[in-house]
Amino acid sequence: MKVFKFSAAILSGILLSFTLGCLAWDPGWKLAQEPAVKGDVKALLEKAKKIENEADTKEKVRQLITTYEDAYRADPQNLDAAVGAGRYYFFMAYAYSDGKEEKKTNYVKALQFLERAMYLNPEFKALADKGENVWEACHALKNTDMRAMYTWYLSVGNCWNDCYCLAGRLLNMYWPGRTKKVLDRMTEIDPDWGSGSIYFSWASYYCLLPGILGGDMKKSEENWDKALELGPHMINFYMARATYYHVKRKDRKGFVDDLHMAIAIDPRKTEFLTYPWGIWYQGKAKQMLADTDNYFK
């Protein structure tokens, strides 16, 4: 009976992977549009900022996305509007979406808005119009495009990890190599950007990938140290190190210590991390601390 249940679970995972299919979407720049509504973009972005400072629920995050989308529809050339919509569709997928299909839908919306933001860079636009993909054309992107690149990188990686079982990840095994090209470009532009967010990305990259695809726990540790040196109040760094690095190393003390650090930080004083992320990660840290035994069975 146990063998049957295990086999059924594996089969279900494989079928779901093929239902979700290959990790692919229509490039965001193909969906770029002319202004669709009249609106005061400056006022809408100010409204978004106010909502962001209080967005601690799914409903408030949805309001935040709607406000950024309204700003984008009023001015599709506005970089802050496109990036804002992309960043919070990513957040909705990662933090507040239920089920793989809902997550993938929101990840794809995030990616498409972020690609529209990149397309505002004339050099990137020229390459995209010739048929190059993000990971091919990203060498044209600059420091002003870092927010879009960074969230794009996270959106692809988390969609690959969250929405596919092992069989699905193997079906889409070329994506880590593609996203690495974007991470390489961000590292070339400014490795210290985002209070250590690039080092955080490398730390997670080396920790999560199996050795055959480039995983390396020693390099992961080195990058965690660099990230936390630049971002000592970045709640997500402590959370991710506890979740990925300490669990993989079976380091219960390190796990507990990092979660306590995450809980102790004021979510409104987290350097580069915005309040919605800070408060969500803090709540997650409390849940994980209460469930420590489940992580170290």
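Residues numbered from 1 in each chain as written. Predicted model: local features only at pLDDT ≥ 70, side-chain atom pairs only at ≥ 80, totals over all residues. Heavy atoms only, no water.

### Digging into the overall build of the protein
- For the protein, the helix and strand inventory stands at 16 helices and 0 strands.
- Each of the 297 residues in the protein was classed as buried or not, and the buried ones make up 50%.
- Looking at the protein alone, contacts between residues at least 24 apart form 69% of all its contacts between residues at least 6 apart.
- In the form shown here, the protein has an accessible surface area of approximately 14,500 Å², with 54% of it arising from carbon and sulfur atoms. (Helix = DSSP H or I, 4+ residues; strand = E, 2+ residues; numbered from the N terminus. Buried < 20%, exposed > 50% of the residue type's maximum accessible area, 1.4 Å probe, protein only. Contact = heavy atoms within 4.5 Å. Areas by Shrake-Rupley, 256 points an atom, 1.4 Å probe, with all protein chains shown as cover.)

### Brief notes about the packing of aromatic side chains
- A full pass over the atoms with the stated rule returns 25 aromatic pairs.
- Measuring from ring centre to ring centre gives 5.9 Å for Phe 200 and Trp 224, while their planes differ by 55 degrees; the resulting arrangement is tilted. Taken as a pair, Phe 200 in helix H11 (residues 193-208) and Trp 224 in helix H12 (residues 217-230) lie far apart in primary sequence, 24 residues in all.
- Judged by its relative accessible area of 0%, Trp 224 falls in the buried class.
- Aromatic pair Trp 277 and Tyr 281: ring centres 5.6 Å apart, planes at 25 degrees, arrangement stacked. Taken together, the positions of Trp 277 and Tyr 281, both in helix H15 (residues 275-290) and 4 residues apart, correspond to about one turn of that helix.
- You can call Trp 277 buried: its relative accessible area is 11%.
- The exposure class assigned to Tyr 281 is buried, which follows from its relative accessible area of 9%.
- Across from the ring centre of Tyr 275, 4.0 Å away, lies the NZ or CZ of Arg 268, which sits over that ring. (Phe/Tyr/Trp six-rings, centres within 6.5 Å; stacked < 30°, edge-to-face > 60°. Lys NZ or Arg CZ within 6 Å of the ring centre and 35° of its normal.)

### Here we look at the environment of Val 134
- Tracing the backbone through its elements, the reader meets Val 134 in helix H7 (residues 134-137).
- For the pair Val 134 and Arg 178, spaced 44 residues apart in the sequence, the C-alpha separation amounts to 8.7 Å.

### Quick word on the packing of H11 against helix H13 (residues 235-249)
- Contact geometry of H11 with H13 gives a least axis separation of 10 Å together with a crossing angle of 15 degrees. When the interaxial angle is binned, H11 and H13 end up roughly parallel. Both H11 and H13 take part in a crossing whose hand is left-handed. Contact residues: H11 offers Ser 195, Gly 196, Ser 197, Phe 200, Ser 204, Cys 207 and Leu 208, while H13 offers Asn 236, Phe 237, Ala 240, Tyr 244, Tyr 245 and Lys 248.
- Tallied by class, the residues present in the contact of H11 with H13 amount to 7 nonpolar, 5 polar and 1 charged. (Axes fitted to C-alpha atoms, helices over the stretch in contact; angles between N-to-C directions. Parallel < 35°, antiparallel > 145°, perpendicular 65-115°, else oblique. Left-handed = near helix turned anticlockwise from the far one by under 90°. Nonpolar A, V, L, I, M, F, W, Y, C, P; charged D, E, K, R; others polar.)

### Describing the confidence of the model for the protein
- Mean pLDDT for the protein: 89, with 87% of residues reaching 70 or above.
- Low pLDDT (under 50) marks residues 1-20, which in the prediction has 15 contacts with non-local residues, meaning those over four places away or in another chain. (pLDDT = per-residue confidence, 0-100.)

### Notes on unusual backbone geometry
- One non-glycine residue, Ser 195, lies in the positive phi region at around 55 degrees.
- Relative to the helices and strands, Ser 195 resides in helix H11.
- In this model, Lys 250 sits at a positive phi of 60 degrees, which is unusual for a non-glycine residue.
- Take Lys 250: it is sitting in the loop between H13 and helix H14 (252-264).

### Points about the pattern of salt bridges
- Evaluated as defined, the whole model comprises 14 salt bridges.
- With its nearest N and O atoms 3.6 Å apart, the salt bridge here joins Glu 54 to Arg 268. Of this pair, Glu 54 sits in the loop between helix H2 (41-52) and helix H3 (58-74) while Arg 268 sits in the loop between H14 and H15, and the two are 214 residues apart along the sequence.
- Given the relative accessible area of 46%, Arg 268 is considered partly exposed.
- For Lys 253, the salt bridge goes to Asp 257, with nearest N and O atoms at 2.7 Å. Here Lys 253 and its partner Asp 257 are both found in helix H14, 4 residues apart, which amounts to about one turn of the helix.
- You can call Lys 253 exposed: its relative accessible area is 61%. (Salt bridge = Lys/Arg side-chain N within 4 Å of Asp/Glu carboxyl O.)

### Observations concerning the packing of helix H4 (residues 79-96) against H15
- It is the contact of H4 with H15, at a shortest axis distance of 11 Å, that shows an interaxial angle of 10 degrees. Taken together, the axes of H4 and H15 are roughly parallel relative to one another. Counting all contacts with H4, which are made through Tyr 88, Phe 90, Phe 91, Tyr 94, Ala 95 and Tyr 96, the residues of H15 involved are Pro 276, Trp 277, Trp 280 and Tyr 281.
- Its residues assigned to classes, the contact of H4 with H15 comprises 10 nonpolar, no polar and no charged.

### Remarks on H4
- A rise of 1.5 Å per residue sets the reference length of H4, with its 18 residues, at 26 Å; its end C-alpha atoms lie 25 Å apart and thus fit the reference within 8%.
- The buried fraction of H4 is high, at 16 of 18 residues.
- You can read the cap of H4 off the contacts: a side-chain oxygen lies 3.1 Å from the backbone nitrogen of Asp 80, and it is on Asn 78. (Expected span 1.5 Å × (residues − 1). Polar contact = N/O pair within 3.5 Å; in protein donor to acceptor, adjacent residues only side chain to side chain.)

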